[in-house]
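Architecture and fold: a report
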Amino acid sequence: MTYDFAVIGAGMAEASLAAELAPHARVLLLEAEDAPGYHATGRSAAFWEECYGGPGVVPLTLASGPYLAEHGFLTTRGALYVGRAEDRGALDDFIATFAGTGVTIDRLGREALVRHVPQMREAWCDAIHEPACADIDVAGLHQHYLSAGRRGGVELACRARVSGLERVAGGWRIRTEGGTDYRAARIVNAAGAWADRIAALAGIAPLGIRPLRRTVVQLRVDPPAPADLPLVLDVNGGFYFKPDGGRLWLSPHDEIPDEPGDVAPEELDVAVAIDRFESAADWRIAAVERRWAGLRSFAPDRLPVYGPDPADAGFFWFAGQGGFGIQTAPAAARLGAQLALGLGPDAMTRAIDPAAYSPARFKARSTAHTA
Ligand SMILES: Cc1cc2nc3c(=O)[nH]c(=O)nc-3n(C[C@H](O)[C@H](O)[C@H](O)COP(=O)(O)OP(=O)(O)OC[C@H]3O[C@@H](n4cnc5c(N)ncnc54)[C@H](O)[C@@H]3O)c2cc1C
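Here goes a summary of the coordinates provided. Everything numeric here is computed off the predicted structure, so don't read it as measured data.

Details of the sheet that holds strand β4 (residues 74–76)
- Spatially, 3 strands are ordered β3-β8-β4 in an open sheet, and the strand pairing comes out antiparallel. Every other strand in the sheet has two partners, leaving β3 (47–48) and β4 as the edge strands with one partner each.
- Here 2 bridges tie β3 to strand β8 (residues 134–136), and the two strands are oriented antiparallel to one another. Its bridge partner lying in β8, F47 is registered against D135.

This is the structure in structure tokens:
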């Protein structure tokens, strides 16, 4: 059988796009691991935060919010970007950067900050409040898309690492490590950290998508973290933390270049996280209960890449989801399917400019340089 689309991977990006393609096309999902969601998707910090990823990502996040809320995947938490006296300029810049983007943020002083987070140390006196920030039920959302795809006829093959992509009449021959071959008219490259490697297999020029490692630790703290604590982010990107079942999830906001693979946290990054946390908040750390790391993958301009490759329309990019691939999944998948199927925008995607995310933005530039 020849599929219309072979989507490589079965994380959040691939599952959501496959579900959106399913009513219109025969779709095959090919996942290297034993089960979907083992890599970035299964390791996220699970928040929907309007400003995360910068103003270029805001349209995707805002367009995804109503879908996530209507389907019950969001629990409002609120977020605070915090700073010290010397960070006043950074907080001012933050407000200016997001002015007119549609996000809801307002400035708070020390008094209001400690009402939200009594443990913030004295030096932290300035904050930006984002009331709409929410926790996302990541596993629920992933299952929602896998189930919708299954009902729509999507076929999922696990333990099917793609090892060869060859152009044949009418599309592609896809080889997998298990020895099974598949045929599809078009390839969707949604392989997260592996996206450039998949392009290389297909003889397509890579876009420079880089995997950057991010560490998270779960701390048992005294007193226990209250359930209504907001997500707290250092405005200078030194840390963030949020509560989970009385514990705290803490990240040093690290971005360490790494190779695609099953990454693990480094002791140094865990130590940095704890040091930064202790200098910001007055909690006693009783234990580091869990630690994990995952890869967030970025294109050179840190915006995602959705659309056909300019050199081969049969190769569709859906990559570079960075640190916002969960919170943007609904609108990204809807937009991706519309681009792949040649459909116009709908109510969810009308406010999104697809040109901002087109792979042509890189390829046009590299052609111009070499001309
Ligand atoms: C620590 C951390 C915290 C994060 N926090 C948040 C957050 O709070 N909110 C948010 O929105 N986002 C967050 N993110 C980002 C989010 O997790 C990612 O953007 C998202 O999961 C990307 O999904 P994906 O499907 O592109 O990648 P992945 O989930 O990595 O899926 C790619 C899949 O492709 C498969 N694959 C690779 N090569 C092949 C091959 N040759 N053949 C077959 N299959 C292959 C892999 O096995 C993998 O399953 C976080 C990420 C990390 C690491």
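Overview of the site of the ligand
- The ligand sits among 37 residues. The nearest are E14, E31, T41, V162 and Q327.
- Within the backbone of A32, an N or O atom sits 3.1 Å from a nitrogen atom of the ligand.
- Here G323 contributes a backbone N or O atom positioned 3.1 Å from a nitrogen atom of the ligand.
- The protein chains hide 98% of the 1,000 Å² of surface that the ligand would expose on its own.
- The set of elements that each furnish at least two residues to the shell around the ligand consists of α1 (12–21), β13 (210–222) and β18 (284–298).
- Considered class by class, the residues forming the shell around the ligand number 18 nonpolar, 12 polar and 7 charged.

Quick word on the packing of α1 against helix α5 (residues 138–151)
- Contact geometry for α1 and α5: axes closest at 8 Å, N-to-C directions at 35°. Judged by the twist between their axes, the crossing of α1 over α5 is left-handed. Contact with α1, carried on its side by M12, A15, S16 and A19, involves V138, L141, H142, Y145, L146, A148 and G149 of α5 and no other residues of that element.
- When grouped by side-chain class, the residues that make up the contact of α1 with α5 number 8 nonpolar, 3 polar and no charged.

Some points on the nonpolar core
- If you look at the biggest cluster of nonpolar residues, it comprises 47 residues, and the most contacted ones within it are V7, L21, L141, V188 and F318.
- Listed by contribution, the elements that provide at least two residues to this core are β1 (2–8), α1, β2 (27–30), α2 (58–70), α5, β20 (312–319) and α8 (329–341).
- Top contributing element to this core by residue count: α1, with 7 residues.
- Not counting chain neighbours up to four residues away, the residues in contact with L141 comprise M12, L68, F73, I136, I326 and A329.
- In terms of nonpolar packing, the next biggest core, distinct from the first, is built from 33 residues, I198, A199, I209 and L295 among them.

Quick word on the pattern of salt bridges
- Under the defined criterion, the tally for this structure stands at 32 salt bridges.
- Among the salt bridges present, the one from E166 reaches R175, with a minimum N-O distance of 3.5 Å.
- Of the charged contacts, one joins R214 and E255 as a salt bridge, the two residues approaching to 3.9 Å between their closest N and O atoms. Here R214, found in strand β13, pairs with E255, found in the loop between β16 (247–251) and β17 (256–257); they are 41 residues apart in sequence, far enough to count as distant.
- Classification of E255 as partly exposed rests on a relative accessible area of 31%.
- Connected through salt bridges with shared partners, the residues R214, D254, E255, R296 and R302 form a single ionic network.

Topic: α5
- Look at α5: 20 Å from first C-alpha to last across 14 residues, which is about the 20 Å you get at 1.5 Å a residue.
- Where α5 is concerned, the buried positions are V138, G140, L141, H142, Y145, L146, S147 and G149.
- In the core, the buried residues of α5 are packed alongside α1, β2, α2, β8 and α8.
- At the N-terminal boundary of α5, the capping side chain belongs to D137, with an oxygen 2.8 Å from the backbone nitrogen of G140.
- Once α5 finishes, G153 follows within two positions and takes phi at roughly 100°, a positive value.

Describing the state of the cysteines
- In this structure the tally under the stated criterion is 0 disulfides.
- The thiol sulfur of C133 is not disulfide-bonded, and the nearest other cysteine sulfur, from C51, lies at 9.3 Å.

Looking at empty space enclosed by the protein
- With the rule as written, the count across this model stands at 1 cavity of 30 Å³ or more.
- Roughly 40 Å³ of internal volume is contained in the largest cavity.
- As for the largest cavity, its lining consists of A13, S16, F318, Q321, G325, T328, A329 and A332.
- Elements represented by at least two residues in the lining of the largest cavity include exactly α1 and α8.

So, the pairing of strand β12 (residues 181–189)
- Taken together, the 6 bridges between β1 and β12 define a ladder with parallel strand orientation. In the strand pairing of β12, I8 is matched with N189.
- Relative to β12, strand β11 (residues 171–176) runs antiparallel, the two sharing 4 bridges. From the neighbouring strand, R175 faces β12, where its bridge partner is D181.
- In this antiparallel pair of consecutive strands, β11 and β12, the connection spans 4 residues, and G179 shows a positive phi of 100°.

Basis of the calculations
Residues numbered from 1 in each chain as written. Predicted model: local features only at pLDDT ≥ 70, side-chain atom pairs only at ≥ 80, totals over all residues. Heavy atoms only, no water. Pairing = 2+ DSSP bridges. Helix = DSSP H or I, 4+ residues; strand = E, 2+ residues; numbered from the N terminus. Near = heavy atom within 4 Å. Polar contact = N/O pair within 3.5 Å; in protein donor to acceptor, adjacent residues only side chain to side chain. Areas by Shrake-Rupley, 256 points an atom, 1.4 Å probe, with all protein chains shown as cover. Nonpolar A, V, L, I, M, F, W, Y, C, P; charged D, E, K, R; others polar. Axes fitted to C-alpha atoms, helices over the stretch in contact; angles between N-to-C directions. Left-handed = near helix turned anticlockwise from the far one by under 90°. Contact = heavy atoms within 4.5 Å. Core = buried A, V, L, I, M, F, W, Y, C linked by side-chain atoms within 4.5 Å. Buried < 20%, exposed > 50% of the residue type's maximum accessible area, 1.4 Å probe, protein only. Salt bridge = Lys/Arg side-chain N within 4 Å of Asp/Glu carboxyl O. Expected span 1.5 Å × (residues − 1). Disulfide = S-S within 2.5 Å. 1 Å grid on protein atoms, 1.4 Å probe; cavity = no way out; pocket = protein on both sides within 12 Å on 5 of 7 lines; lining within 4 Å. Points joined across faces, edges and corners; volume = space filled by probe spheres on them.

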